[in-house]
Amino acid sequence: MKKLFFFRGFIVIATTFIFYSLVSFLYLGVLPTESNSFRNWIPNLLNTAGGYGYTLLRLNEAEKATDVDMLFIGSSQVNRGFDVRIFEKNGLEAFNLGTSAQTLFNSYYLLKEYLPTLKPEYVVLDLYWGVAKNDGIEPAIDILSNSDLDQSTLQMVLDLENGTVYNSLFAAYITRLQTPLHEIRQQKFEEFRYVSGGYTESLSTQNELDKEELADIEYQKATIHDLQLAYLQKIIRLCKSHNKKLIFVMTPVTKEYKRKVVNYSSYTSTIARIARENNIPYFDYNERKELSLISSTDFSDMNHLSQSGAEKFDKLFISDLKSSGILNHSLTIQPKQDKQPYAPL
């Protein structure tokens, strides 16, 4: 009787798995990548391949890139804030590994994957509070949807212990049976363009939020999730073990947004303390009077820089690196021509 019970249970599980696989294959493997809204119809199963944020192009390039001087990592604050072309004009080969909503948890696994091949001398890590409070599920799905399903990605998924991420990993495997990663096409977005080297250039010259909307930003408290705090320490140890110079940065937001963060000083004091304890340089660009950013034109929303804002920010950051003595090698790399949008759009 007991054997019959377990046999029937096995049949039910096996049948459910086969049915789920078949449905997933039909919806994810057959439909084109442009049909993301319909592809995400299956509950607790998401796939963002080729979608918003250009993660597909960025990680595709990261697979092929080698030997850069500077690596930027973090959320969209990073991929829309550090223009690699500006750094290259100043003699620094740079790559931007920022992805949408990327948390410190996700950054750790990306660094594990790409530090050995990119071999940066400097790793610039953003500590923006807007993502430090999150659990890393959304960016994990974005990364696994747009990358080779290698050991580092699988470990990231397993460590999250989340059903939606497990299902999305399964969906990615099913999708790749029909459409391999190299055949997935990146969607186009009118307001942005991808620049080779990982940067996302904002094409808008005006903030989408007007003065009243910026004034109406709600008061909020900056916090850092315990998981993210633990992974910040793991990032510090990882960079030390690879002999990489880690730099902490607080990327700028609009002054209206910053004013609404009621415990900004407390949050940044925590970051500054961790930096001091580990002898890591730390720059807070929300506290720099030399950085004169105009909310209406130097930002595209409350926290993302426009192109004009990124140029001002990067210029000051490079100046800080030089004046503080962090850049310890002669800048002998010849300036390069402006990079063009990555081809496979």
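Residues numbered from 1 in each chain as written. Predicted model: local features only at pLDDT ≥ 70, side-chain atom pairs only at ≥ 80, totals over all residues. Heavy atoms only, no water.

## Section: the overall build of the protein chain
When its secondary structure is counted, the protein chain shows 15 helices and 7 strands. As displayed, the protein chain offers around 16,400 Å² of accessible surface, 55% of which is attributable to carbon and sulfur atoms. (Helix = DSSP H or I, 4+ residues; strand = E, 2+ residues; numbered from the N terminus. Areas by Shrake-Rupley, 256 points an atom, 1.4 Å probe, with all protein chains shown as cover.)

## Some remarks on the pattern of salt bridges
Applying the stated criterion to the full structure yields 9 salt bridges. Residues arginine 273 and glutamate 277 are paired through a salt bridge, measuring 3.2 Å at the closest nitrogen-oxygen approach. You can see arginine 273 and its partner glutamate 277 sitting in helix H14 (residues 264-277), 4 residues apart, about one turn around the helix. Assessed through its relative accessible area of 36%, arginine 273 is described here as partly exposed. The exposed category is assigned to glutamate 277, whose relative accessible area is 53%. Through salt bridges with shared partners, one network takes in Asp83, Arg85, Arg193 and Glu201. (Salt bridge = Lys/Arg side-chain N within 4 Å of Asp/Glu carboxyl O. Buried < 20%, exposed > 50% of the residue type's maximum accessible area, 1.4 Å probe, protein only.)

## Focus on the environment of tyrosine 267
Mapped onto the fold, tyrosine 267 is located in helix H14. Here tyrosine 267 falls in the buried class, since its relative accessible area comes to 5%. For the pair tyrosine 267 and lysine 221, spaced 46 residues apart in sequence, the C-alpha to C-alpha distance is 8.9 Å. Polar contacts involving the side chain of tyrosine 267 include one to the main-chain carbonyl oxygen of leucine 127, which spans 2.8 Å. (Polar contact = N/O pair within 3.5 Å; in protein donor to acceptor, adjacent residues only side chain to side chain.)

## Quick notes on the packing of aromatic side chains
Tallied over the entire structure, the rule returns 24 aromatic pairs. Relative to tyrosine 109, the ring of tyrosine 108 has its centre 5.0 Å away and its plane inclined at 80°; by these criteria the two rings are edge-to-face. In this pair, the class of tyrosine 108 matches that of tyrosine 109, namely buried. Here a set of aromatic residues connected by ring pairs shows up, and it is made of Phe72, Phe82, Phe87, Phe283, Tyr285, Phe313 and Phe317. Above the plane of the ring of tyrosine 264 lies lysine 258, whose end atom (NZ or CZ) is 4.9 Å from the centre. The ring of tyrosine 219 carries the charged tip of lysine 260 above its face, separated from the ring centre by 5.0 Å. (Phe/Tyr/Trp six-rings, centres within 6.5 Å; stacked < 30°, edge-to-face > 60°. Lys NZ or Arg CZ within 6 Å of the ring centre and 35° of its normal.)

## Some words on helix H15 (residues 307-323)
The end-to-end C-alpha distance of H15, which contains 17 residues, comes to 24 Å, matching closely the 24 Å that a straight helix rising 1.5 Å per residue would cover. For H15, the complete set of buried residues consists of Gln307, Gly309, Ala310, Phe313, Asp314, Leu316, Phe317, Ile318, Asp320 and Leu321. Turning to H15, the residues buried within the fold contact strand E1 (70-73), helix H5 (84-89), strand E3 (122-126), strand E5 (199-202), strand E6 (245-250) and strand E7 (282-284). Where H15 ends, the next residue or the one after it, glycine 325, has phi of about 80°, a positive value. (Expected span 1.5 Å × (residues − 1). Contact = heavy atoms within 4.5 Å.)

## Some remarks on the sheet that holds E6
Within the open sheet, the 5 strands sit side by side as E2-E1-E3-E6-E7. Their pairing is parallel. Edge strands, defined here as strands with exactly one partner in the open sheet, are strand E2 (94-96) and E7. Averaged over all pairs of adjacent strands, the angle between their axes in this sheet comes to 20°, without regard to strand direction. With 3 bridges joining them, E1 and E2 adopt parallel strand pairing. For leucine 71, the partnering residue across the bridge sits in E2 and is phenylalanine 95. Strands E6 and E7 of the sheet are contacted by H14, whose axis makes an angle of about 175° with E6. (Pairing = 2+ DSSP bridges. Axes fitted to C-alpha atoms, helices over the stretch in contact; angles between N-to-C directions.)

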